[in-house]
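# Observations on the three-dimensional arrangement
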Amino acid sequence: DAGVIQSPRHEVTEMGQEVTLRCKPISGHNSLFWYRQTMMRGLELLIYFNNNVPIDDSGMPEDRFSAKMPNASFSTLKIQPSEPRDSAVYFCASRPVGQGVAPAFFGQGTRLTVV
Amino acid sequence: AQSVTQPDIHITVSEGASLELRCNYSYGATPYLFWYVQSPGQGLQLLLKYFSGDTLVQGIKGFEAEFKRSQSSFNLRKPSVHWSDAAEYFCAVGGDDYKLSFGAGTTVTVRA
């Protein structure tokens, strides 16, 4: 299996622009997570999907952030409009729920820089 | 509420020396515990996990961790570090729900 695939790996954008981050989870994994990693705040859970349905989005910082999972093999995280303080590494992770407590498997992340 | 504390922000060890990374957790029920490693520019890779049973668990890359319920700890160890072990290490705790809580991480530097 190719693992969790994220694109792009790096994104540089200007303040005010829309940014879309993409994630393909591991086939068969029915739970998907979006995390944000910064030096100041460490790893923060933004949103969690189970069977394509958002279960907990309490970590989404504000309305500028939105996430979708139209099918089991694809998810997006969108920031509109982007701000410099959104600069961070964004990770997508997936895990198979229903097989006990399985660990989450992470993608390589998208490093976002907003200038 | 669940939480993880990694008391050491940065550890420097000599190549060939032993390594121990500390992790203390807070969880209201039986915890599920994980150690992940993150190399620069990479995602988090699972090193090992503890769900139940033997409190000493073996992982990849020669790492092991010991669960001590009385101390709420899950420390990671390696008998002899290699230069390639230089990375950031994260301890995480979860339960029967979906949420994983991560510690702030410990950065390991290996000197020749």
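In the block above lies the structure referred to throughout.
In this report, we go over the structure that sits alongside the text. (Residues numbered from 1 in each chain as written. Chains lettered and ligands numbered in written order. Predicted model: local features only at pLDDT ≥ 70, side-chain atom pairs only at ≥ 80, totals over all residues. Heavy atoms only, no water.)

### Focus on the sheet that holds strand 3 (residues 19–24) of chain A
Residues and elements named next belong to chain A. Pairing in this open sheet of 4 strands is antiparallel, and the strands run 1-3-8-7 from one edge to the other. What marks the edges here is a single partner per strand, and that holds for strand 1 (5–7) and strand 7 (65–71). Going from strand to strand, the sheet's axes swing by 15° on average, the running direction of each strand aside. (Pairing = 2+ DSSP bridges. Helix = DSSP H or I, 4+ residues; strand = E, 2+ residues; numbered from the N terminus. Axes fitted to C-alpha atoms, helices over the stretch in contact; angles between N-to-C directions.)

### Focus: the packing of aromatic side chains
In total, this model carries 15 aromatic pairs over all chains according to the counting rule given. An angle of 90° between the planes, with centres 5.6 Å apart, marks the rings of Tyr 35 of chain A and Phe 102 of chain B as edge-to-face. Residue Tyr 35 of chain A is located in strand 4 (residues 31–38), and its partner Phe 102 of chain B is located in strand 11 (residues 100–102); the two belong to separate chains. The same class applies to Tyr 35 of chain A as to Phe 102 of chain B, namely buried. An angle of 80° between the planes, with centres 5.5 Å apart, marks the rings of Phe 106 of chain A and Tyr 36 of chain B as edge-to-face. Separated into two different chains, Phe 106 of chain A in strand 10 (residues 105–106) and Tyr 36 of chain B in strand 5 (residues 32–38) make up a pair that spans both. For the residue pair Phe 106 of chain A and Tyr 36 of chain B, the accessibility class agrees, reading buried in each case. Here the aromatic cluster, defined as three or more aromatic residues joined through ring pairs, consists of Phe 33, Tyr 35, Tyr 48, Phe 91 and Phe 106 of chain A together with Tyr 32, Phe 34, Tyr 36, Phe 51 and Phe 102 of chain B. (Phe/Tyr/Trp six-rings, centres within 6.5 Å; stacked < 30°, edge-to-face > 60°. Buried < 20%, exposed > 50% of the residue type's maximum accessible area, 1.4 Å probe, protein only.)

### Some remarks on the side chain of Gln 6 of chain A
All names here are of chain A. Topologically, Gln 6 is positioned in strand 1. Here Gln 6 falls in the buried class, since its relative accessible area comes to 8%. A polar atom in the side chain of Gln 6 sits 3.0 Å from the backbone nitrogen of Cys 92. Polar contacts involving the side chain of Gln 6 include one to the main-chain amide nitrogen of Gly 109, which spans 3.0 Å. Not counting chain neighbours up to four residues away, the residues in contact with Gln 6 comprise Arg 22, Trp 34, Tyr 90, Phe 91, Cys 92, Gly 107, Gln 108, Gly 109 and Thr 110. (Polar contact = N/O pair within 3.5 Å; in protein donor to acceptor, adjacent residues only side chain to side chain. Contact = heavy atoms within 4.5 Å.)

### Re the side chain of His 29 of chain A
All names here are of chain A. By the secondary structure assignment, His 29 is in the loop between strand 3 and strand 4. Judged by relative accessible area, His 29 falls into the buried class, the value being 12%. Not counting residues within four places of it along the chain, the set of residues in contact with His 29 comprises Ser 94, Arg 95, Pro 96 and Phe 105.

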